[in-house]
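Structural characterization, general
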Amino acid sequence: MGLSSIRAIWAWLAMVLVLVGLAVAGPAEAQNAMEKRIALVIGNSAYKAGALPTPANDAGLIAQTLQAAGFDVIGARDLDQNGLRDTLRDFLAKANASGPDTIAFVYLAGYGLQYQGDNYFVPVDAQIANATDVPVEAIRVSDFTRSLAAIRNRGSIVVLDAARANPFAQSNQPLAGGLALVEADANQVIAFNAAPGTVAPPEAGPYGAYAHALAEMMRVGGLPLGDVFDRTRLRVSDLSKGAQISWDASKFGGAFTFLDRGPDAPAVQASSYNSATMRTKAIRDFDERDAYFAALDRDTLAGYEDFLAAYPDDPMARRVRAIIAARREAITWRETWVSDTPEAYWSYLRRYPRGPHVWDARRRLEHFEAALEPPPSFTVIEYDVPPPPPPEIVYVDRPILYFDDADFGYAPPPPVVFLAPPPPDFVVLAPPQPSVDLYVLPAPVFVPVPQWVLPPRDIAPPENNVIFNNIHNTVVNNTVINNNTTVNQSAAAPAAPGLTTAQKLTGAAVVAGAGAAALHVALPPSVQKHAAVIQQQNPAAATKVPAVSPVPAGQPQNTHALPGTKGQPLPPVGNTPVTQGQSQAKKVQSPQSVPNTVQKPGAAAVAPAAQDQNVNAHALPGTKGQPLPPVGNTQVTPKQVQAKKPQPSQPVINSVQNPVSAVKPAAHAQAAKTAAPAAVTGAPAKPKVVAATPPRHAAPKPAPQAKAAPQMARQAPAPHVAAPARAPAAKPQAQPKPQPQPKIVQQAKRPPQAHPPQKPPVKKCGAPGLPACH
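Before going into details, it helps to say that this report is about the structure given with it. It should be emphasised that the depicted structure is a prediction, and the values quoted were computed from it without experimental measurement. (Residues numbered from 1 in each chain as written. Predicted model: local features only at pLDDT ≥ 70, side-chain atom pairs only at ≥ 80, totals over all residues. Heavy atoms only, no water.)

Glancing now at the overall build of the protein. A count of helical and extended segments in the protein gives 19 helices and 14 strands. For the protein, the proportion of its 774 residues judged to be buried stands at 49%. Nonlocal contacts in the protein, meaning residues at least 24 apart in sequence, comprise 74% of its contacts between residues at least 6 apart. Per element, the accessible surface of the protein, about 37000 Å² overall, is 57% carbon and sulfur. (Helix = DSSP H or I, 4+ residues; strand = E, 2+ residues; numbered from the N terminus. Buried < 20%, exposed > 50% of the residue type's maximum accessible area, 1.4 Å probe, protein only. Contact = heavy atoms within 4.5 Å. Areas by Shrake-Rupley, 256 points an atom, 1.4 Å probe, with all protein chains shown as cover.)

Now the structure itself:
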C-alpha cells in the first residue's frame, strides 16, 4: 500500500469522525436549547342542553398551574362551534411557529362524546338529538391531536376532562357512555378524567376531582410526567371515594417535569411509592390494602386480574371486577373499530350482544349493507383479550358505567397509600371570582408552592408572567366591584409559614407595575376579535373593563360602561314610574364595606335608603351632570322598590363578587318602609348634592334651589303608585294642569336625547265636574 493510499484512508477516517461528532453533538445541542412551553385551556360550562358547574373553574385552575410552570397559556370559556374550531386552528398555528423545542399542553373540559370509535368535544351551542348529529355538531379530537403530533415538536400533552353523563342523543339508539379508548401518537400523552367507557360522577364544585388532583400533582417538584398522571389517578380515586378512575396513554419520549425540586426538599413521606421494586413486585406479595393501590397505580388489565387472583374475596374485588369489565370491553371495541369489517362487528356483537357499543356496531353494519344479526358461521377475529367471563357481563350490559352505582354495592376504598398528604392550603380550594369579561377564564387565588419547589430550568418563560414570577407568593386577582367602579388589584405577598390563606391575603401588597390583566389567561386571537366585535355591536352584552391610569391601592382603577359614558343616551330620570324588574336597592353598608353589585347599562340604580333619595331614578343622581330627582313626600309601593338588609363590613381582599346582586322578594315590604320614610311621614327629605362635570350632550346644570325642594314635591304630579288613603289615586295617563316649576325639575323630566322631545297633550279632565281621564 502506497503513501498516497494511506493518506486517503486517514482522510476518509477523519471525515467519518467529523460526521459522527456532528451527529452526536446535534442532539446534545438540541437538548441544551431553551425549551418553550405553550398551552391551550378551554372550559365549557354554559351548555344550552344542560349547564355544568365546574369546567370553567377547572380550566382556570389548570391554566394558572401551567402559568406557574412557565407555559405561555391562552384559553377561553364557553365557546360555540365556530369559536372552538377557530381556537384550535389558532393553537396549531402557534405550535407550528414555536419551533422544534416546544412542549404543547392542551386541556379541554366540558362534555365529551364517543361515536364510532372516535372522541368528540362538544361546543356549548351543540344540538345533538340523534347519534348521527355528533360529527356535525361536535369537534373530533383525533383530527386535532394528529395535526398537533405532525408538527413534531418536543412533545404534546392532551387532557380530556370530558367523560361525563351527557344529555345528548336521548333516543332508543343511545351513544356509548364516556370516552373511547385511543392510542397516543408519537411523542404524545393522552389523558382522560375517567377510564374509557366510564363516566365521572356529577360534582357541585367549585372544582372537579380530576382538575383538583392534576393541579396538585403538577405542582410537585421534580415529578416525571408519567408519575404525575399515575399519582393523579390515586388522588382522584381518593377524592371521589373510588367513584372515578382516571386514565392515560403515553408515547412521550424524553424527560419532562413541570417544576423542579430543590436540594433542600424534605424527604418524601411515601417513600415506598418511589421504590425501585414497587412496580416489579408481584401483586400477591402486597397485603390486601396495598395490593389494591398497587394495581390501581399500574392501571393494567394484567395487574387488576392479578389482584382478583390473589384476593377474590376482598371488599375491593367487586370494584376491581368492574374496572376489568370496562377495560376489556373498551379494548375489544377498539380492535373492532380498527378492523372495521362486517366480521369484526359481528365478532363484537357475539361477545357483547347488549354491550354499550351495540348501536355503533349496527350503524357500521348498515353502512356495509350487511345483516345486523351475526350469521351462523363467519370468521371471528382474534382479539388481544379473551372473552369476558360471566360475572363481568352485568357491568357492561348498559350504555353507561360508573363506579358509584348503588346497584352493585361497591365498598369504599381504604385511605390512599403510596402518596404524601396534599399540602394544607391545597385541600380545600376557594372558588374563583366570576369572570366579568366575555370568554375569559376565571382566575383563582394562586396558592404558593413550597420554597423547595423551584421554577423549571432551561426554559424560555413568557413575558409578564405574574404567576411564574411569584410561585412562592400568594397572588390574587382582587376585583372589587362597586356601583360604578371596578377596582382590579394584582397582589402578591410572601407565603409566610404557619399562616392561613386568609391571613396571607389580608397582608397582601400590590405588585408594582402588575395590572389585573396580567393575572388573566390571554384569549386566543380569534376569540379576542370576536369578543371585540360583540362588545362594539352591543355594549350591554359584555361588561368589558377598560384599562385606566394607575392609581393608589384601594382607589377605583377601572370603570364599567355606565349610561351616559362614551356618548350613550341617558335613561329617563326623575319621577318616571318604573316596574319591579327595573328597580333594585343597594345594601346599607358601613363605610369600610364594599358593595357587591355590578351596575349594568340601562339598569336602574337606586340610592341607599339612608340618604332618602328617589328610588325611581334610573341613573345615579347627581353624577356627570345628571339632574337630581325630586324629593319629598313622593310615595312608593313595595312592588316598585327592593332593598337589601344591612350587612356588616367585609374585607376588600379575597372577596368573591357576584356580578348581579340578588334581591329576595320577601324584603319588599320592609324595603318600602326603609327606602322612602318621607313618603310615610310626609316630611320633606333633604336632597344630596353631588358636584359633577356636565357631559357634552347635556345642558349646563343650573344652580340648585334647595329651599324650593319642598314646594316642588307638593306641586309635582305623583307617579302611578299606591296613594295615601286621604288622597285619590291618580291614573298613569292623568296629566293635571301644568304648574310653574323650577327649571331643575323640567330638566329631570326631559327624555333621552335618542328620542325628540314631544309635548304631552293637555287634557281638561280630572277636575271637579268633569269626567275622569282615560
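This next bit is on the pairing of strand β4 (residues 112–115). Taking every second residue as pointing to the same face, both faces of β4 are buried, with Gly112 and Gln114 on one and Leu113 and Tyr115 on the other. Between β4 and strand β5 (residues 118–121), which follow one another and run antiparallel, lie 2 residues, and glutamine 116 among them has a positive phi close to 50°. (Pairing = 2+ DSSP bridges.)

By the definition in use, this model includes 21 aromatic pairs. Geometrically, the ring pair formed by phenylalanine 307 and tyrosine 311 is tilted, given 5.8 Å between the ring centres and 45° between the ring planes. An identical accessibility class is assigned to phenylalanine 307 and tyrosine 311; each is buried. A ring pair is formed by tryptophan 333 and tyrosine 345, whose centres lie 6.0 Å apart and whose planes are at 45°; its orientation type is tilted. (Phe/Tyr/Trp six-rings, centres within 6.5 Å; stacked < 30°, edge-to-face > 60°.)

Now for the sheet that holds β4. Taken together, the 3 strands give an open sheet; going across it, the order is β4-β5-β6, and neighbouring strands pair in antiparallel fashion. For this open sheet the edge positions go to β4 and β6 (139–140), each flanked by a neighbour on one side alone. Inspection of the sheet shows β5 paired to β6 by 2 bridges, in the antiparallel sense. Of the residues in β6, the one forming a bridge with phenylalanine 121 is isoleucine 139.

In this section: the side chain of aspartate 299. Positionally, aspartate 299 belongs in the loop between α8 (288–298) and α9 (301–310). In this structure aspartate 299 comes out as buried when scored by relative accessible area, which is 9%. Among the polar contacts listed, one links the side chain of aspartate 299 to the side chain of arginine 327, at a separation of 3.2 Å. Residues within four places of aspartate 299 in sequence aside, it is in contact with Arg233, Ser246, Trp247, Tyr304 and Arg327. (Polar contact = N/O pair within 3.5 Å; in protein donor to acceptor, adjacent residues only side chain to side chain.)

The next thing to look at is the pattern of salt bridges. Where charged atoms of side chains with opposite charge meet at close range, the side chains can pair. Within this structure, the stated rule accounts for 23 salt bridges. When the shortest N-O distance is used, the salt bridge between arginine 328 and glutamate 392 registers 2.8 Å. Taken together, the residues span a long stretch of sequence, with arginine 328 in helix α10 (residues 317–339) and glutamate 392 in helix α13 (residues 390–396) at a distance of 64 residues. Members of the salt-bridge network, linked through shared partners, are Asp230, Arg233, Asp248, Asp299 and Arg327. (Salt bridge = Lys/Arg side-chain N within 4 Å of Asp/Glu carboxyl O.)

Mapped onto the fold, glutamate 382 is located in the loop between α12 (358–367) and α13. Among the residues examined, glutamate 382 registers a relative accessible area of 74% and is labelled exposed. In the structure, glutamate 382 is positioned 50 residues away from threonine 332 in sequence and 9.9 Å away in space, judged by C-alpha atoms.

In an α-helix, one full turn covers 3.6 residues, which means residues spaced three or four apart are oriented alike. Counted at 1.5 Å a residue, the expected span for helix α2 (residues 55–68) with its 14 residues is 20 Å, and the 20 Å between its end C-alpha atoms agrees. Within α2, 14 of the 14 residues are buried, leaving the element largely enclosed by the surrounding structure. With its phi angle positive at about 85°, glycine 70 sits one or two positions after the end of α2. (Expected span 1.5 Å × (residues − 1).)

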